[in-house]
Amino acid sequence: MKLILSALSLALALTATAHAELPLTSGGVIRITSKSIEGGWHSGRLHQDARKCWMVKLDKPTKDHYTMLSLLVVERLQLANGSAWNEVAVQPILQGSPAVCREYGSD
C-alpha cells in the first residue's frame, strides 16, 4: 500500500512539474474542449494576437463555422509533447494575460 501511495505521489508531483514547465508558444499544437462548441476534443494551434491574448486557431471549423476561440471559452487544454498530451491549466494563463484578454466581447 505504501508503494502505491508513493508511486501516486510521485506521479502527481511530476504532473505538477510538467504543468509549470510547459512553454506556450504561438503555433504550439494543442487540443481543447469547450462548452461553447460541439463536444469532444478539437485540435488546433496556439496563437497570440497583437494584444498578447492567447487564442486557439482550430484545424477545422466547428459546425457553427468558428475557426478561432478565445481561451475564455476553453474548458480543457492539452499541449502536444511528442506523442503525448500534457494538460495545461487555463486559468493561470488567463490570470497572467492583459486585462483585455479576460473580458468577453473586448475588441
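### Comments concerning the overall build of the chain
Looking only at helices and strands, the chain features 2 helices and 6 strands. Along its sequence from the N terminus, the chain presents helices and strands in the succession α-β-β-β-β-β-β-α. In the chain, which comprises 107 residues, the proportion classed as buried is 30%. Long-range contacts, defined as pairs at least 24 residues apart, comprise 45% of the intrachain contacts of the chain with a sequence gap of at least 6. Just so you have it, the chain exposes about 7,000 Å², and 57% of that area is on carbon and sulfur atoms.

### Comments concerning the packing of aromatic side chains
Describing an aromatic ring pair means giving the distance of the ring centres and the angle of the ring planes. Applying the stated criterion to the full structure yields 0 aromatic pairs. Across the ring face of Trp41, the terminal group of Arg31 is positioned such that the distance to the ring centre comes to 4.5 Å.

### Observations concerning the sheet that holds strand β3 (residues 54–58)
Each strand in a sheet pairs with its neighbour through backbone hydrogen bonds, running either in the same direction (parallel) or in the opposite one (antiparallel). The sheet built from 6 strands is open, its strands ordered β4-β3-β2-β1-β5-β6 with antiparallel pairing. This sheet does not close on itself; its edge strands, each paired only once, are β4 (68–70) and β6 (84–88). Averaged over all pairs of adjacent strands, the angle between strand axes in this sheet comes to 40°, irrespective of strand direction. In this structure, β3 lies alongside β4, joined through 3 bridges in antiparallel fashion. Paired with Lys57 across the two strands is Met68, which belongs to β4.

### Observations concerning the environment of Glu103
By secondary structure assignment, the location of Glu103 is in the segment after α2 (90–95). C-alpha of Glu103 to C-alpha of Leu72: the two residues are 31 residues apart in sequence and 8.0 Å apart in space.

### Structural notes on the nonpolar core
One finds Ile30, Ile32, Val56, Leu71, Val74 and Leu77 to be the most contacted residues of the largest nonpolar core, which totals 18 residues. Counting only elements with at least two residues in this core, the list comes to β1 (29–33), β3, β5 (76–81) and α2. If we skip the residues at most four places from it in the chain, Val74 touches Ile32, Thr33, Ser34, Val56 and Val90.

### With respect to the confidence of the model for the chain
In the predicted model, the chain carries a mean pLDDT of 83, and 77% of its residues have values of at least 70. Here residues 3–20 is a poorly scored stretch, pLDDT under 50, and it has 4 contacts once near neighbours within four places are set aside; other chains count.

### Some remarks on the pairing of strand β2 (residues 42–48)
The sheet contact formed by β1 and β2 spans 4 bridges and is antiparallel. Among the inter-strand pairings, Arg31 is bridged to a residue of β2, identified as Ser43. Pairing of β2 with β3 involves 5 bridges; the strand directions are antiparallel. By the bridge assignment, Gly44 is partnered in β3 with Leu58. Connecting β2 to the antiparallel partner β3 that follows it, the hairpin turn spans 5 residues, and Lys52 within it adopts a positive phi of roughly 75°.

Reading guide: rules and limits
- Residues numbered from 1 in each chain as written.
- Predicted model: local features only at pLDDT ≥ 70, side-chain atom pairs only at ≥ 80, totals over all residues.
- Heavy atoms only, no water.
- Helix = DSSP H or I, 4+ residues; strand = E, 2+ residues; numbered from the N terminus.
- Buried < 20%, exposed > 50% of the residue type's maximum accessible area, 1.4 Å probe, protein only.
- Contact = heavy atoms within 4.5 Å.
- Areas by Shrake-Rupley, 256 points an atom, 1.4 Å probe, with all protein chains shown as cover.
- Phe/Tyr/Trp six-rings, centres within 6.5 Å; stacked < 30°, edge-to-face > 60°.
- Lys NZ or Arg CZ within 6 Å of the ring centre and 35° of its normal.
- Pairing = 2+ DSSP bridges.
- Axes fitted to C-alpha atoms, helices over the stretch in contact; angles between N-to-C directions.
- Core = buried A, V, L, I, M, F, W, Y, C linked by side-chain atoms within 4.5 Å.
- pLDDT = per-residue confidence, 0-100.

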